[in-house]
Amino acid sequence: MPNNTVVLFHTDGCHLCEQAEALLLEGGIAHSKADIVDKPEWVEAYGIRIPVVRRQDGVELGWPFDLAQLTQFVEGDE
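Peer 1: How should I be thinking about the state of the cysteines in this particular structure?
Peer 2: Think of a disulfide as a covalent bridge from one cysteine sulfur atom to another cysteine sulfur atom. Under the definition given, this model contains 1 disulfide. With a sulfur-sulfur separation of 2.4 Å, Cys14 is cross-linked through a disulfide to Cys17. On the sign convention where negative is left-handed, the bridge of Cys14 and Cys17, at about 75° about the S-S bond, is right-handed.

Peer 1: I tried to follow the pattern of salt bridges on my own but got confused; where do I start?
Peer 2: Between side chains of opposite charge, pairing is possible as soon as their charged atoms come close. Enumeration according to the criterion identifies 3 salt bridges in this entry. Residue Lys33 pairs with Glu21 through a salt bridge whose shortest N-O separation is 3.2 Å. A residue pair is termed long-range when its members are at least 10 positions apart, and Lys33 in strand E2 (residues 31–35) and Glu21 in helix H1 (residues 15–26) qualify at 12 residues. By relative accessible area, Lys33 is classed as partly exposed at 45%.

Peer 1: Whenever I open this one, the pairing of E2 confuses me. Can you help?
Peer 2: Looking along a regular strand, one sees the side chains alternate between the two faces of the sheet. Pairing of strand E1 (residues 6–10) with E2, which is carried by 5 bridges, proceeds in the parallel orientation. In the strand pairing of E2, Phe9 is matched with Ala34.

Peer 1: I keep staring at the sheet that holds strand E4 (residues 60–62) and nothing clicks. Help me out?
Peer 2: Backbone hydrogen bonds hold the strands of a sheet together, and the pairing may be parallel or antiparallel. With respect to topology, 4 strands assemble into an open sheet ordered E2-E1-E3-E4, the strand pairing being mixed. Each of the sheet's edge strands pairs with one partner strand only, and the pair in question is E2 and E4. Across the sheet, the mean angle from the axis of one strand to that of its neighbour is 25°, orientation sign disregarded. The strands touched by H1 are E1 and E2; relative to E1, the strand with the most contacts, the crossing angle is about 160°. Strands E1, strand E3 (52–54) and E4 of the sheet are contacted by helix H3 (residues 67–74), whose axis makes an angle of about 170° with E4.

Cut-offs used in this document
- Residues numbered from 1 in each chain as written.
- Predicted model: local features only at pLDDT ≥ 70, side-chain atom pairs only at ≥ 80, totals over all residues.
- Heavy atoms only, no water.
- Disulfide = S-S within 2.5 Å.
- Salt bridge = Lys/Arg side-chain N within 4 Å of Asp/Glu carboxyl O.
- Helix = DSSP H or I, 4+ residues; strand = E, 2+ residues; numbered from the N terminus.
- Buried < 20%, exposed > 50% of the residue type's maximum accessible area, 1.4 Å probe, protein only.
- Pairing = 2+ DSSP bridges.
- Axes fitted to C-alpha atoms, helices over the stretch in contact; angles between N-to-C directions.
- Contact = heavy atoms within 4.5 Å.

Encoded structure:
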């Protein structure tokens with residue numbers, strides 16, 4: 001995964017997760033998706049917090065956020 005790729009923690013049927021991915025796409029932000037149901041530790045960590053975007057350095061941005069906040073976060077200016 002490229003260094004500038006963020007991970008979107010999500011799950012199916014989560015409308016907020018869909019909104020977060022739409023912002024990533026709108027901003028042209030490279031990302032991968034991780035469904036929290038794939039790992040019990042993700043369910044425990046993110047079950048009531050999704051969507052969450054995580055940078056490669058481990059810093060996380062939790063919902064709610066807008067495109068400006070997301071862009072600043074990805075660029076490391078949070």
